[in-house]
Amino acid sequence: MIVILNFGSQFAHLIGRRVRDMGVRAEVVPYDISASEIEKLAPSGIIFSGGPASVLEKGSPRPDKKIFDLGIPILGICYGHQVMAHMLGGKVVKGKQGEFGKETLLVKHKKGLFVGLSAKETVWFSHGDQVVKLPKGLVGTVSTKHCAHAAFADARRNFFGIQFHPEVTHTLHGKKMLENFLFSICHAKRDWKIASITEEIVDGITREVGGEHVVVGISGGVDSLVAATLIHRAIGNRLHAVFVDTGLLRKGEVAQVAGYLRKHGFRGLHVVDASKTFLKRLAGVSDPEAKRTIIGYSFIEIFEKAIKGELKKYRITHLAQGTIYPDRVESASTSTTAAKIKSHHNLTLPEKMGFKILEPLRDLYKDEVRKVGAALGLPHELLWRHPFPGPGLAIRIVGEITKERLEILREADAVFIEVLRKAGEYEKIWQAFAVLLPLKTVGVMGDGRTYEYIVALRAVDSVDGMSADWHKMPTELLEKISSAIVGKVRGVNRVLYDITQKPPATIEYE
Ligand code: XMP
C-alpha cells in the first residue's frame, strides 16, 4: 500500500486514483498522522501531496518528523518537495517569479524517478516558493530555466522530491515517474484489482452482518444502486431497500431503477410514492434553503416511517449508506472549514434509531464504484448517469414548485439528455440538465403568439463538482437541442445555454 499525506492539495485524491489505476492500494490520510500510525499501515511507500501553504509561513503544515526515520521511501510533490527540503536542512525561499503551467525539465541524471525518460521532459508546475539549497546527502537531479532544484534524490534513504505535478495529464510522462517510484523504488505489489476488491467487499459484508437484516435507501443514483447490489449479493433477501419516490426525480428513473432491481431477484424493494406529500409541503415555498430543509426532513420522516411500519417485523439492525471515499476523507479532515454555501442533503438518519452503519463503498472512488458496478453486471446506462442532487428537480425550478412546472421541466430535461445521448455527447460531459426559469416571454409559433416559460440548459465539465467549466458543445448540437425542446415540450418557447463557470456560479441553480 502507498500512503498519501494530504497537505490540502486539490490533487491529493488524483494521486490516490493514479496509484490505484496502476493496481496498487492507496490511502489518503491527513498530513499530521503520526509516524507510529503510518507504521501500523505498513506502507511500501509514502507520498507527500502538494498544498496551498508556504513552508515560510508560521504554522504551515508539517508532517511528524519521525516519518523520516521509518526507513520507508518518500516522494514529495510540490509543497511536499519543499517541506522535505526544509525539514531535512535545506533552504526554501520565495521565488522571484513563480512557475505556473507547462515547463521544460532538463533531466541531468536518468536515475531513480527518471529512468526511461528523455533529456527534456514537459511537466506541469504550480508554485511560488522554491528550493535554493539542498540538505546534506541530497542531490539535485533536474532543473528548469527558473528553478535549479526542480527535483532531488537521496538514493541511500530513498527520499525523492519533485517541484512539479506528475499526477496531472499535462506532465506527459508523469505516469512513468510514478511507476518508477512505486515499482522500482518501493517494490509495491499490484494487488488492487476490481474483481478481487468486489469479492473482498462482499465477504466483508457477510462477516459484518452475520444473520441480521439491513435497510438501504435507494435514491436513484449510482452509489446507492451499487451498494444495494453488493449487499444483496452478500446477504440476499435480508436486505430491505426503501426507494422514496419524491416526485422530484428525472423522467422514468423510478421505473428504470426499480425495474432493474426487481428483475434481478430483489424481493425486499419497497417503493414509497410520496410525491403528493412533497408537492403539498413545497407549495408556495420559493426560498432555496427552505426547499432543501423541507425535502431533507420529509425524506427522513418517510424513510423512518417505512422502517417502523412495514419493515418492523424484520428487526433491522444495520443501515447501509452509499458513502464513498472522498466523502469520508473530506468530512474527517479538521483542517478545512468551508463556508456553508448550500445545505447538501444526504440521507443521515437520527442516531437515536441506533442502527449499525454499513458503508460498502467507503474505500472507493467514484470511477471504482462504476467499475465494481460493471463487475457485478449492472448495465452501462445505469452506471453512467450524471450525478443528481438529493433535492432533485426541486432545485432546478427557480422559485415556486407546481405540478405543471415539474412536468414541463422533467420533459425538457429528458429531451435534452436524449439528444445528448444520441449525439454521443452525454459521456463527454460531467453533468448536464435542464432548469426551468419561471419567466414568461413572448414567442411566435405557426401564426400565433405564445407567452411561455424559459428553459436554461446547464452542461459542465468537472472532476469532482467543486469547480466546473461550462461544456463547449458544437453549435449545431445546441440548435438541435433547442428545436427539440421547443418543438416537443408544451409550455416552453425559449431556450438559453448557461456559459458560467463555477465559481462564481454554482452548478445547480439553488
Ligand atoms: P453545486 O450546485 O453546489 O453542486 O455547485 C456541486 C455538485 O453537488 C451536487 N449537489 C448535491 N448533491 N445533495 C447532493 O447529493 C445536494 O443537496 C446537492 N446539491 C448539489 C450537484 O448536482 C453537483 O454535482
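Residues numbered from 1 in each chain as written. Predicted model: local features only at pLDDT ≥ 70, side-chain atom pairs only at ≥ 80, totals over all residues. Heavy atoms only, no water.

Visitor: It is not clear to me how the overall build of the protein chain should be interpreted in this structure. Could you clarify?
Guide: Secondary structure summary: the protein chain contains 14 helices and 18 strands in total. For 510 residues, the compact-globule formula gives about 24 Å, and the C-alpha radius of gyration of the protein chain, at 26 Å, lands near that figure. Dimensions of the protein chain, computed from C-alpha atoms along their principal axes, come out at roughly 75 × 65 × 40 Å. Of the roughly 23,800 Å² that the protein chain leaves accessible, carbon and sulfur atoms contribute 53%. For the protein chain, the centre of its 71 positive side-chain charges and the centre of its 56 negative side-chain charges are spaced 2 Å apart. (Helix = DSSP H or I, 4+ residues; strand = E, 2+ residues; numbered from the N terminus. Rg over C-alpha atoms; globule rule 2.2 N^0.38 Å. Areas by Shrake-Rupley, 256 points an atom, 1.4 Å probe, with all protein chains shown as cover. Lys, Arg positive; Asp, Glu negative; His and termini not counted. Charge placed at Lys NZ, Arg CZ, Asp CG, Glu CD.)

Visitor: Which parts of the structure should I look at to understand the side chain of Gln 431?
Guide: The topology assignment puts Gln 431 in strand E15 (residues 431–445). Setting aside residues up to four positions removed in sequence, Gln 431 forms contacts with His 386, Pro 387, Phe 388, Arg 396, Arg 458, Ala 459, Val 460, Ile 507 and Glu 508. (Contact = heavy atoms within 4.5 Å.)

Visitor: Would you explain the sheet that holds strand E13 (residues 318–320) in this entry?
Guide: Backbone-to-backbone hydrogen bonds join strands into a sheet, with any given pair of strands oriented parallel or antiparallel. A sheet is described by the order of its strands in space; here 5 strands give the open sequence E12-E11-E10-E13-E14, paired in parallel fashion. Each having just a single partner strand, strand E12 (269–273) and strand E14 (356–358) make up the two edges of the open sheet. Neighbour-to-neighbour, the strand axes of this sheet turn through a mean angle of 25°, independent of strand direction. Lying on the sheet, helix H9 (residues 288–308) is in contact with strand E10 (214–218), strand E11 (239–245), E12 and E13; it crosses E11 at an angle near 140°. (Pairing = 2+ DSSP bridges. Axes fitted to C-alpha atoms, helices over the stretch in contact; angles between N-to-C directions.)

Visitor: Is there a simple way to explain the environment of Gly 50 in this structure?
Guide: Locating Gly 50 in the fold gives a position in the loop between strand E3 (45–48) and strand E4 (74–77). Judged by relative accessible area, which is 1%, Gly 50 ranks as buried. Considered as a pair, Gly 50 and Ser 126 are 76 residues apart in the sequence and their alpha carbons are 9.4 Å apart. In this structure Gly 50 touches Phe 7, Gly 8, Ser 9, Ile 77, Cys 78, Tyr 79 and Gly 80, once residues within four positions along its chain are discounted. (Buried < 20%, exposed > 50% of the residue type's maximum accessible area, 1.4 Å probe, protein only.)

Visitor: Can you walk me through the environment of Ser 143 in this structure?
Guide: Position of Ser 143 relative to the elements: it lies in strand E7 (residues 139–143). Between the C-alpha atom of Ser 143 and that of Gly 448, which follows or precedes it by 305 residues, the distance is 70 Å. Excluding residues within four positions of it along the chain, Ser 143 makes contact with Thr 104, Leu 105, Leu 106, Lys 108, Ala 148 and Ala 150.

Visitor: In this structure, what is going on with the domain arrangement of the protein chain? I would like to understand it.
Guide: It is common to give the size of an interface as the accessible area that goes away when the parts come together. Considered domain by domain, the protein chain is made up of domain 1 (2–185), domain 2 (194–383) and domain 3 (396–497). Using C-alpha coordinates to define each centre, domain 1 is positioned 45 Å away from domain 3. (Domains from an automatic or database assignment.)

Visitor: Before we go on, may I ask you to explain unusual backbone geometry in this structure?
Guide: Of all residues except glycine, most have a negative phi; of all peptide bonds, most are trans. Cis peptide bonds are those with omega within 30 degrees of zero, and the linkage from Lys 502 to Pro 503 qualifies with -20°. Here Pro 503 is to be found in the segment after strand E18 (492–497). In this chain, Pro 503 is followed by Pro 504 through a cis amide linkage whose omega measures 10°. As for its position among the elements, Pro 504 is in the segment after E18. With phi around 60°, Asn 158 is a residue other than glycine that occupies positive phi space. Residue position: Asn 158 is located in the loop between strand E8 (151–154) and strand E9 (159–162).

Visitor: Sorry if this is basic, but what is going on with the pairing of E8 here?
Guide: One face of the sheet, then the other: side chains in a regular strand alternate in exactly this way. Because side chains alternate across E8, one face comprises the buried residues Ala 151 and Ala 153, and the other comprises Phe 152 and Asp 154, equally buried. Sheet topology places E7 next to E8; 3 bridges connect them, and they run antiparallel. Looking across to E8, one finds that Gly 140 is bridged to Phe 152. The pairing of E8 with E9 spans 4 bridges and is antiparallel. Within E9, the residue paired with Ala 151 across the bridge is Ile 162.

Visitor: Just to check I follow, could you spell out the nonpolar core for this structure?
Guide: Here is a general trend for soluble globular proteins: nonpolar side chains tend to be buried in one another's company. One finds Val 226, Leu 420 and Ile 485 to be the most contacted residues of the largest nonpolar core, which totals 95 residues. Other than its neighbours up to four places away in sequence, Ile 485 contacts Ala 412, Val 415, Phe 416, Leu 457, Val 492 and Val 495. (Core = buried A, V, L, I, M, F, W, Y, C linked by side-chain atoms within 4.5 Å.)

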